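Survey of secondary and tertiary structure
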Amino acid sequence: MSPRTVFSPYVQIFSAVPGARAFSFAGWLARLPMPILGLGAVLLVAGETGSYGLAGAVAGTLALVGSLLSPQWARAMDRRGQGVVLPLVFTGYLVFGIAFVAAVVLGAPTWAWFVLAGLTGGCGPNIGALVRARWAHALDSERRQTAFAFESVVDEVVFVVGPPLVTFLATLINPPVGFLTGVVIGFAGGMWLSRLRTTEPPVHPVEVDGPRRRSALRNATVLLLGLAYLAVGAVFGAMDVVVVAYAEEEGAPAMAGVALAVYAAGSLVAGLVYGVVRLPGSLAARYLGCAAFFAVAAQLLFAVDSLVSLVAVGFLAGLAIAPVLVSGMSLVESRVARSALTEALTWVVTGLTLGVTAGSALAGAAVDAWGAETAFAVPALSAALAGLLALAGAPLLRRPAPVPGAEVSVTVVGEQVPQPLPGLHAGGEG
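Residues numbered from 1 in each chain as written. Predicted model: local features only at pLDDT ≥ 70, side-chain atom pairs only at ≥ 80, totals over all residues. Heavy atoms only, no water.

Now for the pattern of salt bridges. Tallied over the full model, the rule gives two salt bridges. Arg197 is paired through a salt bridge with Glu200; the nearest N and O atoms lie 2.9 Å apart. (Salt bridge = Lys/Arg side-chain N within 4 Å of Asp/Glu carboxyl O.)

What follows concerns helix H7 (residues 127-138). Spacing of three or four residues puts side chains on the same side of an α-helix, whose turn is 3.6 residues. Taking 1.5 Å as the rise per residue, H7 with 12 residues should run 16 Å; its terminal C-alpha atoms sit 17 Å apart, in good agreement. Here H7 lies mainly inside the structure; 10 of its 12 residues are buried. (Helix = DSSP H or I, 4+ residues; strand = E, 2+ residues; numbered from the N terminus. Expected span 1.5 Å × (residues − 1). Buried < 20%, exposed > 50% of the residue type's maximum accessible area, 1.4 Å probe, protein only.)

With that settled, consider the confidence of the model for the protein. Low pLDDT means the predicted coordinates in that region are not meant to be read closely. Overall, the prediction assigns the protein a mean pLDDT of 79, with 85% of residues at 70 or greater. Across residues 403-430, where pLDDT falls below 50, the model places 66 contacts with residues more than four positions away in sequence or in other chains. (pLDDT = per-residue confidence, 0-100. Contact = heavy atoms within 4.5 Å.)

So, about the packing of helix H12 (residues 283-297) against helix H14 (residues 321-335). Remark: H12 packs on H14, axes separated minimally by 8 Å, with the N-to-C direction vectors making an angle of 155°. In this view, H12 runs roughly antiparallel relative to H14, as classed from their interaxial angle. Crossing handedness for the pair H12 and H14: left-handed. When H12 is examined against H14, the residues Leu283, Ala284, Arg286, Tyr287, Cys290, Ala291 and Phe294 are found in contact with a partner set consisting of Ile321, Pro323, Val324, Ser327, Gly328, Ser330, Leu331, Ser334 and Arg335. Class assignment for the residues of the contact of H12 with H14 results in 10 nonpolar, four polar and two charged. (Axes fitted to C-alpha atoms, helices over the stretch in contact; angles between N-to-C directions. Parallel < 35°, antiparallel > 145°, perpendicular 65-115°, else oblique. Left-handed = near helix turned anticlockwise from the far one by under 90°. Nonpolar A, V, L, I, M, F, W, Y, C, P; charged D, E, K, R; others polar.)

Here we come to the nonpolar core. Core analysis: the biggest nonpolar cluster contains 120 residues, and Phe100, Trp135, Phe236, Tyr287, Phe294 and Phe376 have the highest contact counts within it. With 15 residues, helix H10 (residues 220-249) is the largest single contributor of residues to this core. Apart from residues no more than four positions distant in its own chain, Phe376 is found in contact with Met239, Val242, Val243, Tyr246, Leu301, Val304 and Leu310. (Core = buried A, V, L, I, M, F, W, Y, C linked by side-chain atoms within 4.5 Å.)

See the structure below:
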């Protein structure tokens, strides 16, 4: 497959959507703090107190509150619009972020660190979901796969650029500088995105006399994907911890960054290719196949016995990341009404984020108990669990997908809501 073949569909989607370059780049800037704030909080608190336990607890609070509140912000944006909600959210993001740094540096009570870290994380909406919602509104079902794959690549670039940037700023200049840089970049990107009103998805306000709108989490596909992505996220969180510990045990801590960058590079390559190929089968079948591939590829981690093998295995395992993420997001997009799309995508990413937190904790305990090489079992088994959860939900996922916005009925968890007319399927399903 030539470079022209790979990149041509990406050029086409940007040409087809006026303003796409602006909202995609603004979204990239607003997403850049994702890896920066957590690591920046660890470097800041550890630098001030010398306690990595306290630093991890503060960073975990920031991530946990953000995971719980981001779906609520997404729901508000579906109802009132991104341009209305984003300025309010990111103003709080900037104010609380600066206050958190000041509290740590000036020696405020420790409880205030946790409160301000939580408020900062709570004011961080899931930008990837907002950008994907813009693409979904502007493109047909065939080209959405390409757009979602591109955004998956953007996510990988964020995690390649962010950690080295915050580490450089925190260690070579000053710990507060790393965290504050992430806050300022995120604020600038979020405010820029809020001003791009022409590409914003249409608002779906709640009718005063209409039925009460249900949470997107009650949609069976959203719930099943969110659960499976808990395990997928655990793989990511565990890999960060185990790779760093293994590189230190091997006497080459700098190789941890190389190995993790190669892991992300594998996903980046797979994401670019997945975005242009047209796989057979329904969206549900593609997701199930990608989840199985993700589960099997991660078992290669049991073969790691040197830094060289870690890099090679990391690249091969990374090839499965983007396909499982893109196929899952595409499936969710095809199964929910446009009025709840941003919220639905955010719930799925929330599962991923919570999984990262759990995976990091499990991997840390495994490294302490068994050593780093044996602890590779944590990401390997988490990937296997992700595959099993996907397959367990296959009977529900294989049901005909509703056309978002159509008016008959679809089964969701515990109720009946509008469903498409018979014979119609969304997102290329069928």
